[in-house]
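# A structural walkthrough
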Amino acid sequence: MSRLVQVAIPTPLYRLFDYNWSGDAPIVRGARVGVPFGRRQVIGIVLGELESTQVPLNKLRAVQRIIDDVPLIPADIMDLLSWASRYYHHPLGEVLMSALPSRLRKGQAADIAEREFFVWTGPVPVPESLQSARVQYQIAEYLANLGGKSAAADALVRISPRWRTSIASLIKKQMVVCERALHIPDNTSNASAPVLADEQKHAVDLIVSALNSDQRFLLNGVTGSGKTEVYLRSIEAASAKGLQSLVLVPEISLTPQLMSRFEQRLDGCLVSLHSGLNDTERMQNWLCAAQGYANVVIGTRSSILAPMPHLGLIIVDEEHDGSFKQQDGFRYHARDLALLRARACKCPIVLGSATPSFESLNNVANGKFIELPLTQRAGEAVPPTLALMDIRRRKLIEGLSDRMIEAIKKHLDNAGQALIFINRRGFAPTLLCNDCGAAADCRRCDAHMTVHARHNRLRCHHCGSERAMPTGCESCGSVELDRVGYGTERIAQALSEAFPDILIARIDRDSTRRKGALEQQLDLATSGEARILVGTQMLAKGHHFPKLTLVGILDADRGLFGTDFRSLENMGQLILQVAGRAGREKNSGTVMIQTRNPDNPMLQTLINDGYPAFASVAMGERKLAQLPPYSFMALIRAEAADGREPHRFLLEVVETLKNYNVGQLDVLGPVPAPMEKLGGRFRAQLLLQSNLRSTLNDSLTRLCNVIDGLSGARRCRWSIDVDPVDLF
Ligand code: ADP
Ligand code: ZN
Ligand code: ZN
């Protein structure tokens, strides 16, 4: 008997596709199938069986093969992703595929790899006769000491790279047997837990007693207060009950320390999911999560979409971090999906931060989250002291005030370590002609080229294009060129001239591009060998540098005048996160912030009264202006090589939205994007705003029903961004 099935296929179209299936094998929701699509064969996900179809029977094509006989994407994740597809207005086929590791997207079988294990079956103690073959004897001793437990190849490689021949001999002598079993990672902890402070204990108690409920928590803990310790204890409690824990972190590759802290403290199957893994590792770890073997999954953004049948606890570390928002394709926010997923599977969720997002603070204010405060630093550490350093009319040496240089010197003399933060890489952001005033611009963007002095090149930080450093002005030919402004490269150079005997580690995207370079630089920073660190926001992320006592912030003022409604919030978070790297152990920390706006009330509030006071004032301003989290936004972006097309298309969208007359929806624009030309294409945008989530969502739903048919839709690349994190 032939059956009708509905299949989601990864295409940019908002529609689903019907096929028939006449085989005997069952065809289940969430399984992958191979289907013909146009002239290609593609992989789609089964949504379910249909009673009838609009497709004429002679046009209906057949499913070619069923890849999974059980759902690869289980029901709870299918539901979550279907909801996300409607909420973010992104086609379901692409949404479903984005939940899968690439190997599985390409149709590989969903099987965890097997590997060999070796068990000692010979006499104990190990026969003396083996001593003549050294490696054999060492391996025999090792295995015999496991008391019947097996060992995998990686343990034996550590004994000798020539383990293969030795183990073969032992097997031949019938002292060892080789078994094949699923390759499930098994971690053994090796560090003991500290005694919890009262606030930490209170937080852990509440979280643990909420296991099996859908309680939502905001762990609002100052930097260095031991939030990670709270996560670790809560995870242990969940594991003891047989529950899986999911820990979302911003960018694991930037904080390799974090993963090793979890490995030191947690036992069992601990897996990570992030872009630093190769395709095989990623698929294996994903399968360990999906088949319930992993008790802890630590991952970046997309791991919120990984199936976990026994999920019992979700943690979102540094929940304010912008990297939880996917910025292209399926533009979801992992924190928001995490909240929804926790509710759907009735498990508690803990959002942790020293500088919570205004969304989360608002959720505490309206009673949706329980706040767990950690107001003290852990152990002997005390909070750093923050001070503004007025640099108006003061002499700057390469962007550094003389007082900053003195402070660095003082801290170095006292065996401290200094971190200089400037959120700009390269040598100087602008190359300016002294004669005609022209700047070297990117030819594909509305942006200046950044000077990279060491490689003697100009680079655009927006589209990546680059060219050789010109010897004369590109407009008038004058050789009077000025490198204006400062980046990490220039600051690091200036500091190495001021402190010629001191090792300086520069940490930014340029200096850490090579594989292993970031780890190397971070090791120098952690050990204290590098006594001055210069870097961008990569240095603000959760690092723990034991010897760091001074933090100098050079470009705080930029955030005060940002064009985006979140600029101020982000500035406050960034300053306090960088500041939070100082004085995390015995020696107290000092933070000096260079500014030309020492009287700015927001800066004053942040420095003198702390983040909660700062957030409360800034949130008051958002409320007055009816900006998120007090209203809801979506941004429709369009771009094309022809500068008129995006505008035309967005005008069509405005007309379409008018027809629906849904009331309380503000439609602002179209306007050119803040950077109109990017990578050789022209961009425009339309902002939709409403006080009612349902109004915004309904309007977008109706728009999406017809948007593929608008005449401009084919002449532009366009996207819908619900709850945008920036309006750029
Ligand atoms: P946060 O994530 O809040 O910035 P961490 O979890 O990194 O803070 O903790 C900061 C430091 O304090 C770490 O070195 C950690 O091992 C230590 N620590 C955490 N809790 C305690 C405690 N109860 N007693 C002693 N040291 C602690
Ligand atoms: Zn010129
Ligand atoms: Zn460019």
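Above: the structure in question.
So, a few notes on the structure that sits alongside this text. Keep in mind the model is a prediction, meaning the values are calculated, not measured. (Residues numbered from 1 in each chain as written. Chains lettered and ligands numbered in written order. Predicted model: local features only at pLDDT ≥ 70, side-chain atom pairs only at ≥ 80, totals over all residues. Heavy atoms only, no water.)

Here the focus is the packing of aromatic side chains. Each aromatic ring pair is specified by the distance between its two centres and by the angle formed by the two planes. Going through the model one piece at a time under the given rule, you end up with 9 aromatic pairs. Geometrically, the ring pair formed by Y88 and F330 is edge-to-face, given 6.1 Å between the ring centres and 70° between the ring planes. You can see Y88 sitting in helix α1 (residues 75–88) and its partner F330 sitting in the loop between β14 (311–317) and α11 (334–344), a full 242 residues away along the chain. Comparing Y88 with F330, the two get one shared label, buried. Note on F649 and W718: the rings are 6.0 Å apart at their centroids and 35° apart in plane angle, and the pair reads as tilted. With F649 in helix α20 (residues 645–660) and W718 in strand β33 (residues 717–722), the pair connects residues that are 69 residues apart, well separated along the chain. A relative accessible area of 0% means that F649 is categorised as buried. (Phe/Tyr/Trp six-rings, centres within 6.5 Å; stacked < 30°, edge-to-face > 60°. Helix = DSSP H or I, 4+ residues; strand = E, 2+ residues; numbered from the N terminus. Buried < 20%, exposed > 50% of the residue type's maximum accessible area, 1.4 Å probe, protein only.)

Taken in spatial order, the 6 strands make up an open sheet running β5-β2-β1-β4-β3-β6, and their pairing is mixed. Looking at strand neighbours, the two that pair on one side only are β5 (61–62) and β6 (65–66), the edges of this open sheet. (Pairing = 2+ DSSP bridges.)

Another aspect to go through is unusual backbone geometry. Peptide bonds are mostly trans, and most non-glycine residues show a negative phi. Look at the link from V124 to P125: it is a cis peptide, with omega at 0°. Structurally, the position occupied by P125 is in the loop between β7 (114–120) and α4 (134–144). Residues G669 and P670 are joined by a peptide bond in cis, for which omega reads 5°. Among the secondary structure elements, P670 is positioned in strand β31 (residues 666–678). Even without glycine at this site, H89 takes up a positive phi of about 55°. Tracing the sequence through the fold places H89 in the loop between α1 and α2 (92–98). In this structure H89 comes out as buried when scored by relative accessible area, which is 6%. Even without being glycine, D723 reaches a positive phi, approximately 55°. Positionally, D723 belongs in the segment after β33. Residue classification places D723 among the buried residues on the basis of a relative accessible area of 15%.

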